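A closer look at the structure
Read off the chains here:
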Amino acid sequence: MTVRFAPSPTGYLHVGGARTAIFNWLFARSAGGRFLLRIEDTDRQRSSDAMTREILGGLRWLGIDWDDEPVLQSTRAARHGEECLRLLDEGHAYWCYCSSEELDAKREAAEAAGGAFLYDGTCRHLTDAQRSEKDAAGMPRVLRFRVPDGRTVFNDIVHDETSFSNEEIDDFVLLRSDGSPTYMVAVVVDDHDMGVTHVLRGDDHLSNTPKQVMLYHAFGYEIPQFGHLPLILGSDKKRLSKRHGATSVGEFQQKGFLPEAMFNFLALLGWSPGDDREVLTRSELVEAFDIRRVLKKSSVFDEEKLLWMNGQHIRQLDDADLLHRLLRHRPEALAAIPEAKLAPLLPLMKERMALLPEFFSHGMYFFSDPEEYDAEGVRKRWKAGTHEMLTALLPRLEESDFTAGALESLIRAYAEERGIGAGKVIHPIRLALTGSTASPSLFDMMEVLGQDSCLRRLRNAIARIPEPAG
Ligand code: GLU
């Protein structure tokens, strides 16, 4: 069994493309088959090596490996040309001399009459003499496929039996006037030569498939099993596009998503393991993957869900791995901080992060005293009695052991003594120590910050909390 992913390097690796790659990869790895890559760079104007590198980098980041060297479609043009001329010899193709002006005029007329333009077969029946005359005059020509009468039927893993009337399909171009092959024919020759047995790709290719199936018949190639994956929609149920926000895999990487989470999330767009598991590792997904469970229905790209899933995958990392990811994500932010100081924070922060940068935005107070205090927090947490309440607590903290357990007993007992809820002590302290209203468990955090730092921060804060007048 052999599958392939065949991106065109005319843009970034889009989440839709990545999902196609993931389904092919899961299918191959779960069935012990081969997963090949083909870079469809025949549109020389719009393709670039930089995009090819970007796409391969995105696949590697997701943990998708491929068998053999990637095939560059542009290097195979001679082989495509050869196979096209075989079709010509065998009567499945013909030269067409219609100029683009003539075709444009016919297209406009058809559209004005409210219909779609299908090539009318003007050059289908030219005699040898007519052709020789046009060739002698040096008229540009394209090679067109002679679409047979009847219907084209193929079986699709997702859509079951699918059939098109050939009348809806015009004699499409195989070789352009400069002799270069079109996507339609290159894809068929390449899939055949690469031994591809299953073509899994987006639903947007469904309308190309009857043409390709006709080509398989004409070439005498064995027809692969097709499977067209449902579209990915944005939250408004429209086709996912830039309007909905980030759509390239690289953007998600930069935002601080883990590749494991991205992979997991995309694998569940249009497929499910058949039970209620949602957080799965790559190997669990390989284990569970069954192509027959691909859904027909389009699926919605829910970024909230992706965030949630990312948090779940962050919690599954061991501390050393999390540190490694953080260092890779923002080396400069952690450069000055010794690893011994970072290590105790990892288990605290891990439970609260959905994205890697949150470690920096929510956790930097571990390394520097707050300079500002969240305004909303100040209004809610630092009340009339707070100045006195924290001042009276200071000597006890000076005496205390600085373990989470000891601090918790001390602060709870203090609240009880004063006849107030523990939150009335905890929240003002948190704001004083971090400048923010959210942090990991206060007692754990105090232990990690240490006594000197906690006392200094509390004194600084107390100086900012107004004493009630009189
Ligand atoms: N190169 C095509 C694309 O990027 C894919 C062709 C195919 O999978 O057959 O959409």
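Residues numbered from 1 in each chain as written. Predicted model: local features only at pLDDT ≥ 70, side-chain atom pairs only at ≥ 80, totals over all residues. Heavy atoms only, no water.

1. A closer look at the layout of surface pockets
We apply this condition: Of the grid points, spaced at 1 Å and generated over the protein atoms alone, those admitting a 1.4 Å probe that cannot get out make up cavities, while open sets with protein on both sides within 12 Å along at least five of seven lines make up pockets; any residue with an atom within 4 Å of a point is treated as lining. Grid points are joined across faces, edges and corners, and a volume is the space filled by probe spheres set on the points. What counts as a helix is a DSSP run of H or I of at least four residues, what counts as a strand is a run of E of at least two, and both are numbered from the N terminus. Amino acid classes used here: Ala, Val, Leu, Ile, Met, Phe, Trp, Tyr, Cys and Pro are nonpolar; Asp, Glu, Lys and Arg are charged; the rest, including Gly, are polar.
Roughly 1000 Å³ of volume is contained in the largest pocket. For the largest pocket, the lining is made up of 39 residues, of which Pro7, Ser8, Gly17, Asp204 and His205 are closest to its centre. Counting only elements with at least two residues in the lining of the largest pocket, the list comes to strand 1 (2-5), helix 1 (15-31), helix 6 (183-193) and strand 9 (198-202). Residue contributions to the lining of the largest pocket peak at four residues, all from helix 1. Split into classes, the residues belonging to the lining of the largest pocket amount to 14 nonpolar, 13 polar and twelve charged.

2. Considerations on the pairing of strand 10 (residues 225-229)
Going by this rule: Relative accessible area decides the class of each residue, using a 1.4 Å probe on protein chains only: under 20% of the type maximum gives buried, over 50% gives exposed, and in between gives partly exposed. In this description, strands pair whenever DSSP reports at least two bridges between them. Orienting the strands away from the viewer, one traces the path from the first strand over the helix to the second; a clockwise path indicates a right-handed crossover.
Burial within strand 10 is extensive, with four of its five residues counted as buried. Taken together, the five bridges between strand 9 and strand 10 define a ladder with parallel strand orientation. From the neighbouring strand, His198 faces strand 10, where its bridge partner is Gln225. The handedness of the strand 9 to strand 10 crossover, carried by helix 7 (residues 209-219), is right-handed.

3. With respect to the sheet that holds strand 4 (residues 93-96)
Think of a sheet as strands paired side by side through backbone hydrogen bonds, with each pair either parallel or antiparallel. Under the convention used in this document: Throughout, an axis means a line fitted to C-alpha atoms (over the contacting stretch in the case of helices), and angles, computed between N-to-C directions, take values from 0 to 180 degrees.
In spatial order, the strands read 4-5-8; together these three strands make up an open sheet with antiparallel pairing. Looking at which strands have only one partner, the edges of the open sheet turn out to be strand 4 and strand 8 (173-175). In this sheet, adjacent strand axes meet at a mean angle of 45° when their direction is disregarded. Where strand 5 (residues 142-145) meets strand 8, two bridges bridge the pair, whose relative direction is antiparallel. Bridge assignment links Arg144 to a residue of strand 8, and that residue is Val173.

4. Concerning the environment of Leu458
What counts, and what does not: Residue contacts follow a heavy-atom distance rule, with two residues in contact if any of their heavy atoms lie within 4.5 Å.
One can find Leu458 in helix 22 (residues 451-464). Residue classification places Leu458 among the buried residues on the basis of a relative accessible area of 1%. Here the alpha-carbon distance between Leu458 and Asn155, two residues 303 residues apart in the chain, equals 71 Å. Contacts of Leu458, omitting those with residues within four sequence positions, involve Leu390, Leu394, Leu397, Ile429, Ala432 and Leu433.

5. Looking at the packing of helix 20 (residues 423-434) against helix 22
The condition is simple: With respect to orientation, any angle under 35 degrees is reported as roughly parallel, any angle over 145 as roughly antiparallel, any angle of 65 to 115 as roughly perpendicular, and every other angle as oblique.
Contact geometry for helix 20 and helix 22: axes closest at 8 Å, N-to-C directions at 100°. When the axis of helix 20 is compared with that of helix 22, the two are roughly perpendicular. The residues of helix 22 that touch helix 20, namely those facing Ile429, Ala432 and Leu433, are Cys454, Arg457, Leu458 and Ala461. A per-class count over the contact of helix 20 with helix 22 returns six nonpolar, no polar and one charged.

6. Remarks on the sheet that holds strand 2 (residues 34-39)
Within the open sheet, the three strands sit side by side as 1-2-3. Their pairing is parallel. The sheet is open, and its two borders are formed by strand 1 and strand 3 (71-72), each paired with just one other strand. Bridge analysis of strand 1 against strand 2 gives four bridges, and the strand direction is parallel. Residue pairing in the sheet places Phe5 in a bridge with Leu37 of strand 2. In the packing of helix 1 onto the sheet, the strands contacted are strand 1 and strand 2, and the crossing angle to strand 1 comes to about 165°.

7. Regarding the nonpolar core
As a rule of thumb, soluble globular proteins bury nonpolar side chains together. Put simply, the rule is: What makes a nonpolar core is a set of buried Ala, Val, Leu, Ile, Met, Phe, Trp, Tyr and Cys residues whose side-chain atoms join them at distances within 4.5 Å.
Membership of the largest hydrophobic core comes to 51 residues, with the highest contact counts inside it found for Leu326, Phe359, Ile429, Leu433 and Met446. Discounting chain neighbours no more than four positions away, the residues touching Phe359 are Leu326, Leu334, Leu342, Leu345, Leu346, Met349, Met353 and Met364.

8. Considering the site of the ligand
Note the following rule: What makes a residue near a molecule or strand is one non-hydrogen atom of that residue sitting within 4 Å of it. Residues adjacent in sequence count toward polar contacts only when both atoms are side-chain atoms; beyond that, a polar contact is any pair of N or O atoms within 3.5 Å, and within protein one must be able to donate a hydrogen and the other to accept it. Reported accessibility uses the Shrake-Rupley method at a 1.4 Å probe radius. Residues are deemed covered only where the shown protein chains occlude them. Think of it this way: if more than half of a molecule's atoms are within 2 Å of a pocket's grid points, that molecule is in the pocket or cavity.
In the region of the ligand, the neighbouring residues are Arg4, Ala6, Pro7, Ser8, Glu40, Tyr183, Val187, Arg201 and His205. In this structure, Ser8 approaches the ligand through a side-chain N or O atom, which is 2.9 Å from a nitrogen atom. His205 places a side-chain nitrogen or oxygen 2.8 Å from an oxygen atom of the ligand. Relative to its unbound accessible surface of 300 Å², the ligand loses 79% to contact with the protein. If you map the ligand onto the pockets, it falls in the largest pocket. Residues of the shell around the ligand, tallied by class, amount to four nonpolar, two polar and three charged.

9. Observations regarding helix 9 (residues 259-267)
When you tally the buried positions in helix 9, you get eight out of nine residues, the bulk of the element. Within the span of helix 9, buried status applies to Pro259, Ala261, Met262, Phe263, Asn264, Phe265, Leu266 and Ala267. Of the surrounding secondary structure, the elements contacted by the buried residues of helix 9 are helix 1, helix 2 (49-62), helix 8 (249-255), helix 10 (282-288), helix 11 (303-316) and helix 12 (319-329).

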